[in-house]
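Analysis of the macromolecular model
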Amino acid sequence: MAKMTMVQAINLALKQEMEKDDNVVVLGEDVGVDGGVFRVTEGLFEQFGENRVMDTPLAEAGIIGFSIGMALYGLKPVCEIQFSGFTYLGFHQLESHAARLRGRSAGRFTVPMVLRAPYGGGVRALEHHSESREAYFAHTPGLKMVIPSSPRNARALLVSAIRDPDPVVYFEPKALYRAFREEVPEDEETMELGRSRIAREGKDITLISYGAMLHETMQAASALHQKQGIEAEVIDLMTIAPLDDALFIESARKTGRVVVIHEAPRSFGPGAEVAVRLVEKSFLYLEAPIRRVTGFDLVIPLFQREKAYLPGVDRIVRAVRETLDF
Amino acid sequence: MEVAKEKKIEMLRSMLLTRRFEETLTELCKNEGKIPGMMILCTGQEAVGSGVCAALSPEDVIISNHRSHNHLLTKGADPRAIMAEIYGKSTGCNKGKSGTLHLAVPEVNAPCTTTVVGGGLPIAVGVAFSQQYKKEKAVTVCFFGDGAADEGSFHESLNLASLWSLPIVFVCENNLYAGAQRYEEHTRVKDIADRASAYAMPGEIVDGNDVLAVYEAARTARERAIAGNGPTLIECKTYRCRGHGESDHQLYQPKDEIAAWQEKCPIPRLSDEVFALGLITAEELSALEAEIGAVVQEAVRFAEESPYPKPEEALEDVFV
Ligand SMILES: Cc1ncc(C[n+]2csc(CCOP(=O)(O)OP(=O)(O)O)c2C)c(N)n1
């Protein structure tokens, strides 16, 4: 096993899936010769050539639309949009076609495509290059929305996403691209979409997060443990839609207290959906109101105030204290 | 038509100002932490914005893209407010909330620069519609790159502007690259200007490093638009002498190509001419350069001494 960054792990998933299946193709702006803005597709053009790794013109609606057509007729396209903030130019193709063609064709067609895009804050970039708008996609019936939290699960989830018969929007937390390394097995590894995992076991409170914020949450959990002996259970959603509520409901029934953490804006964010599922399915077990630690209902600010916007350990610890002291 | 001496000096001044301003940004970028994020410069392309904006009146509106510094400075934006915004300071033109890629200067009718490639085109069409509707003696100019001409919004916008004979000038800065892609790698048409005929409007090709030629083309297009004869597409052939942004090492741009275009730099081209014609003396030229140096220095001082916005300022000018 090699220790890899998330960039290398995603690259490995693409490379191995392309080796295994000729129908897997990669397309996007500067993904070929250049290897991508974040070097995620580096080496693929050299190995697989211009017929399978395609540099496209600037045309997001086209890139997403082309991918749908390829997917309808036997290919498994993995398209890259340079930053998640530019997916909106092609949103109509995702929402009106990728998400709907399975139903519209009475199940005779599916759209086995993956849309990859770097997303999220924490790298001192500007707006459109830092935002976290996974809710748009999670809100769209017919799309799967996946956000990994580590090199190893990034690799396994991407392999599963490529093999999935339906369109998957796969957002890569760019703050984690090179944040740390993890052992990633050379041998194939998959991970079922629509499943969350327990990232840390505990009995006092349940913390639910994903993506880069999982790491703030884990740090908060260990700080709470060290300083106050609090045993927080941390759940990593990994797939935002379809949402796996079984695991967090079970955890909430055990702990009775829940905080949800994400960097996406607060209103109508994934945390709202999680909280309502908990109310619907574990109301009588809850000992305190469910709290959310999230981004604010604003465009993500410039670098100087990014830290104030993103949930950090302090804000998470405070919310946990308030929930425990309720 | 002969261009007045004052006009020529004005264009020389704005190109020099942009160059000095951006050279300073390059230096500041190297200073870790001062200005994080992207820094997208127009070195070598100054003649486009400087020539076009010299043909405009204050009422005319410009919509710009990610490579906007020259467009804005030439339209008359305060260099201090632009510099402070790039620094993310609360005295910046967007109160330190946007940074270099989304500069907006409503006072000089530059309401929107957008980093979303192609995003400005339909907005410009809407502004031009308003100008026509209100019978204003003003036009809208939309600046965009060759890469943007591949986006769907380019085609939608040209079609509509032509259909409604709107007072708009589309200015394509063809700098031979879109990100790491060379022009021929992203389109088959030899000239972006060719696309104008598909929308029944004139498509002009201009030497984008010749500021006087750019000025003339823009003036003609503006007159046409004001007269109610509809839009023009002007393609300025120029070259991106630096990388896409300052962190781009330009490995894909041949060194001799860069060198050849540096030879064609629009600034000495104009300064040599005005000098040869005796429109400016050597002393006047160095005085101009010194004055511009002081303006940029003052902009940096202003930005450095200004405060960052307070966290609660994030809640101003929005509704939550
Ligand atoms: C819709 C969209 N897609 C991708 C990007 C990333 N991006 C920023 S500038 C750029 C290249 C634009 O090329 P061009 O329009 O020719 O302008 P130039 O940079 O050459 O001035 C790219 C790909 C973006 N900002 N917006």
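In this text the structure is predicted, and so the values were computed from the model without any measurement.

The subject of this paragraph is the overall build of chain A. Along the backbone of chain A there are 12 helices and 14 strands. Whereas a compact globule of 326 residues would reach a radius of gyration of roughly 20 Å, chain A reaches 19 Å, a difference of no more than 12%. The buried share among the 326 residues of chain A stands at 55%.

Right, let's talk about the overall build of chain B for a bit. Looking only at helices and strands, chain B has 11 helices and eight strands in total. Since a compact globule built from 320 residues should have a radius of gyration of about 20 Å, the 19 Å found for chain B is in line with a globular shape. Overall size of chain B, expressed as C-alpha extent along the three principal axes, is 60 × 50 × 40 Å. Across the 320 residues in chain B, those meeting the buried criterion constitute 52%. Intrachain contacts of chain B at a sequence separation of at least 6 include 75% that bridge at least 24 residues.

For the rest of this paragraph, the subject is the sheet that holds strand β14 (residues 291-295) of chain A. All names here are of chain A. One open sheet holds the five strands; their spatial order is β9-β11-β10-β13-β14, and the pairing between them is mixed. Edge positions in the sheet fall to β9 (197-200) and β14, since each of these pairs with one other strand and no more. Taken over all neighbouring pairs, the strand axes of this sheet differ in orientation by 25 degrees on average, direction set aside. Where helix α9 (residues 245-255) meets the sheet, it contacts β9, β10 (205-209), β11 (232-236) and β13 (258-265), and its direction lies at approximately 155 degrees from that of β10. Sheet contacts for helix α12 (residues 313-325): β10, β11, β13 and β14; angle to β14, the most-contacted strand, approximately 165 degrees.

Quick look at the interface of chain A and chain B now. Listed as interface residues are 23 residues of chain A and, on the opposing side, 33 residues of chain B. Here the side of chain A that touches chain B gets four residues from one element, more than from any other, and that element is helix α11 (residues 303-309) of chain A. Among the residues making up the side of chain A that touches chain B, the classes are represented as 13 nonpolar, two polar and eight charged.

With that settled, consider the domain arrangement of chain A. Where the parts come together, the accessible area they lose is often given as the size of the interface. All names here are of chain A. Once the domains are mapped, chain A shows domain 1 (2-184) and domain 2 (197-325). Between domain 1 and domain 2, the C-alpha centre-to-centre distance is 26 Å. Tallying the contact residues gives 25 residues for domain 1 and 22 residues for domain 2. For the side of domain 1 that touches domain 2, the secondary-structure elements that each account for two or more residues are α6 (134-138), β6 (144-146) and α7 (151-163). Residue classes in the side of domain 1 that touches domain 2 are distributed as 12 nonpolar, seven polar and six charged.

The next thing to look at is the packing of helix α1 (residues 6-20) of chain A against α7(A). Describing two packed helices takes the angle between their axes plus the distance from one axis to the other. Residues and elements named next belong to chain A. Between α1 and α7, whose axes approach to 8 Å, the crossing angle comes to 30 degrees. Comparing their axes, α7 and α1 come out roughly parallel. Between α1 and α7 lies a crossing of right-handed hand. Together, Met 6, Ala 9, Ile 10, Leu 12, Ala 13 and Glu 17 of α1 and Pro 151, Arg 152, Ala 154, Arg 155, Leu 158, Val 159 and Ile 162 of α7 make up the contact between the two elements.

Calculation rules
Residues numbered from 1 in each chain as written. Chains lettered and ligands numbered in written order. Predicted model: local features only at pLDDT ≥ 70, side-chain atom pairs only at ≥ 80, totals over all residues. Helix = DSSP H or I, 4+ residues; strand = E, 2+ residues; numbered from the N terminus. Rg over C-alpha atoms; globule rule 2.2 N^0.38 Å. Buried ≥ 20, exposed ≤ 12 C-beta atoms within 10 Å, placed from the backbone. Contact = placed C-beta atoms within 7 Å. Pairing = 2+ DSSP bridges. Axes fitted to C-alpha atoms, helices over the stretch in contact; angles between N-to-C directions. Nonpolar A, V, L, I, M, F, W, Y, C, P; charged D, E, K, R; others polar. Domains from an automatic or database assignment. Parallel < 35°, antiparallel > 145°, perpendicular 65-115°, else oblique. Left-handed = near helix turned anticlockwise from the far one by under 90°.

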